2 protein chains.
Amino acid sequence: MAQHDDIRANEVAVDWPERIDAVLVFIGVIRTPWPTRAECPHHGRPDGPLCRIEVSPPWDAALDGIEAFERIEVFYWLHEARRDLVRQSPGRNGLTKGTFAIRSPVRPNPIGTSIATLVAREGAILKVRGLDCVDRTPLLDLKPDRSQFRSDASR
Amino acid sequence: MAQHDDIRANEVAVDWPERIDAVLVFIGVIRTPWPTRAECPHHGRPDGPLCRIEVSPPWDAALDGIEAFERIEVFYWLHEARRDLVRQSPGRNGLTKGTFAIRSPVRPNPIGTSIATLVAREGAILKVRGLDCVDRTPLLDLKPDRSQFRSDASR
């Protein structure tokens, strides 16, 4: 597991279990204007810069029909985040919160999701706005935004 | 990979890549009233039945502060889904769509997400409404719902 971050005052790490419960395959890569995490915006914005989602074969065949949706949910792997913190100090001020009470990238399974606006599809490449991840973030999945299927938004 | 489903007319499967790009650890289990997928509702409902999210140690220490949120995003592993379909026929009628144009559980990385209403926390157990997954679904992550952090909902 990547552990590029130092631990901060009062943060709590746990021993990492050495078992593997499931495995992921990267299905493409996300290209953004931000080469390092320090340069990433804190949140994606619908009017943010254009980013590219490059879907690798054979998964590009699964894109058919996605162009009908204005908003898509993008799942990616936060490959630079450490995974073993149960309490974190986002403000670096000694005050900590439980990992499940914040949306930090540091989590036992560092899966990121963003709702992106689909601007264009060019073959296996999607041009989108609204992302905030570092350049070359591995892609895990793409789904139509749940709000486009129905109004109560509970799935 | 689990492949409990037969392939339907005109669905397209791909050869599964034998590489492992990342690994997941199950951090708990979700208990719902539905013992099989056939019995699950098609979508979770905010007024649906009470479900239990049981967080395993050492990850229960990461729950501190989650009780402040009314809605939480639940990430889980769709452990019964096959992973190799790039075109699917949700209607079982020979008409197919690309996997990324639907929210079916059958996907290369079968990660499910739901927005649940947090009713109560009792130690390492969260009582919630709004889920639709099968009983004993493995838990991957919990995050405060993004809409509770700001209004534009793009992250």
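None of the values given here were measured: they were computed from a predicted structure. (Residues numbered from 1 in each chain as written. Chains lettered and ligands numbered in written order. Predicted model: local features only at pLDDT ≥ 70, side-chain atom pairs only at ≥ 80, totals over all residues. Heavy atoms only, no water.)

Caption draft 1: Representation of the overall build of chain A. In terms of regular secondary structure, chain A is built from zero helices and ten strands. Taken from N to C terminus, the helices and strands of chain A fall in the order β-β-β-β-β-β-β-β-β-β. Over its C-alpha trace chain A gives a radius of gyration of 17 Å, about what one expects of a compact globule, namely 15 Å for 155 residues. A total of 155 residues make up chain A; the buried ones form 52% of that total. (Helix = DSSP H or I, 4+ residues; strand = E, 2+ residues; numbered from the N terminus. Rg over C-alpha atoms; globule rule 2.2 N^0.38 Å. Buried < 20%, exposed > 50% of the residue type's maximum accessible area, 1.4 Å probe, protein only.)

Caption draft 2: Spotlight on the relation of the copies chain B and chain A. Note on the identical chains: chain B maps onto chain A by a rotation of 180° and an axial translation of 0.0 Å, with an RMSD of 0.0 Å. Given the turn and translation reported, the copies of this chain are related as if by a two-fold rotation axis. When each C-alpha of chain B is compared by its distance to the rotation axis, Val-23 of chain B comes out closest, at 2.2 Å. (Least-squares fit on C-alpha atoms with pLDDT ≥ 70 in both.)

Caption draft 3: A look at unusual backbone geometry. Cis rather than trans, the peptide bond between Pro-57 of chain A and Pro-58 of chain A has omega equal to 5°. Inspection of the secondary structure assignment puts Pro-58 of chain A in the loop between β4 (51-55) and β5 (71-77). You will see that Arg-92 of chain A, though not glycine, has its phi angle at about 55°, which is positive. Exposure remark for Arg-92 of chain A: the relative accessible area of 63% places this residue in the exposed category. A positive phi is found at Asn-10 of chain B, a non-glycine position, where the angle reads about 70°. By the secondary structure assignment, Asn-10 of chain B is in the segment before β1 (12-13).

Caption draft 4: Just the interface of chain B and chain A, in detail. If you look at the interface, chain B gives 63 residues, while chain A gives 63 residues. Together chain B and chain A conceal approximately 6000 Å² of surface at their shared face, both sides included; 56% is due to carbon and sulfur atoms. Where chain B packs against chain A, one counts six salt bridges. The residue Arg-103 of chain A makes a salt bridge to Glu-73 of chain B at a minimum N-O spacing of 2.8 Å. At the boundary of chain B with chain A, the tally comes to 34 residue pairs in polar contact (both at pLDDT 80 or more). Of all the secondary-structure elements, those providing two or more residues to the side of chain B that touches chain A are β2 (22-24), β5 (71-77), β6 (85-88), β7 (97-98), β8 (111-122) and β10 (137-144) of chain B. Residues belonging to the side of chain B that touches chain A are distributed by class as follows: 33 nonpolar, twelve polar and 18 charged. Judged from the three bridges that link them, strand β2 (residues 22-24) of chain A and β2 of chain B form a sheet pairing that is antiparallel. The residue of β2 of chain B that forms the bridge with Ala-22 of chain A is Leu-24 of chain B. (Contact = heavy atoms within 4.5 Å. Buried area = accessible area lost by both parts, 1.4 Å probe. Salt bridge = Lys/Arg side-chain N within 4 Å of Asp/Glu carboxyl O. Polar contact = N/O pair within 3.5 Å; in protein donor to acceptor, adjacent residues only side chain to side chain. Nonpolar A, V, L, I, M, F, W, Y, C, P; charged D, E, K, R; others polar. Pairing = 2+ DSSP bridges.)

Caption draft 5: Geometry of the pairing of strand β9 (residues 125-129) of chain B. All names here are of chain B. Residues of β9 alternate between two faces, with Leu-126 and Val-128 buried on one and Ile-125, Lys-127 and Arg-129 left unburied on the opposite face. Here strand β4 (residues 51-55) runs beside β9; their pairing, made up of four bridges, is antiparallel. Opposite Arg-52, over in β9, you have Lys-127 as the bridge partner.

Caption draft 6: Inspection of the sheet that holds β6 of chain B at higher detail. Residues and elements named next belong to chain B. Spatially, β1-β6-β7 is the arrangement adopted by the three strands of the open sheet, whose pairing is antiparallel. Only two strands of the sheet have a single partner each, and these edge strands are β1 and β7. Taken together, the two bridges between β1 and β6 define a ladder with antiparallel strand orientation. Paired with Ala-13 across the strands is Leu-85, a residue of β6.

Caption draft 7: The sheet that holds β5 of chain B, seen in detail. Residue and element names in this part refer to chain B. Taken in spatial order, the six strands of this closed barrel run β3-β4-β9-β8-β5-β10, and their pairing is antiparallel. The mean angle between the axes of side-by-side strands here comes to 45°, regardless of whether they run parallel or antiparallel. Both β5 and β10 contribute to a ladder of five bridges, which runs antiparallel. Across the sheet, residue Tyr-76 finds its bridge partner in β10, namely Leu-139. (Axes fitted to C-alpha atoms, helices over the stretch in contact; angles between N-to-C directions.)

Caption draft 8: Main features of the pattern of salt bridges. Counting across every chain of the model gives 26 salt bridges over all chains. Bridged by salt links that share partners, the residues Glu-73 and Arg-146 of chain A together with Arg-103 of chain B form one connected network.

Caption draft 9: Expanded view of the environment of Val-128 of chain B. All names here are of chain B. On the secondary structure map, Val-128 appears in strand β9. The buried category is assigned to Val-128, whose relative accessible area is 0%. It is 10 Å that separates the C-alpha atoms of Val-128 and Arg-31, two residues lying 97 residues apart in sequence. When residues no more than four places from it in sequence are discounted, the contact partners of Val-128 are Pro-49, Leu-50, Cys-51, Ile-53, Ile-72, Ala-116, Thr-117, Leu-118 and Val-119.

Caption draft 10: A look at the pairing of strand β3 (residues 28-31) of chain A. Residue and element names in this part refer to chain A. Every second residue of β3 is oriented toward a common face, the buried set being Gly-28 and Ile-30 and the non-buried set Val-29 and Arg-31. Relative to β4, β3 runs antiparallel, the two being bridged by four bridges. Paired with Val-29 across the two strands is Glu-54, which belongs to β4. Across three bridges, β3 lies against strand β10 (residues 137-144) in antiparallel orientation.

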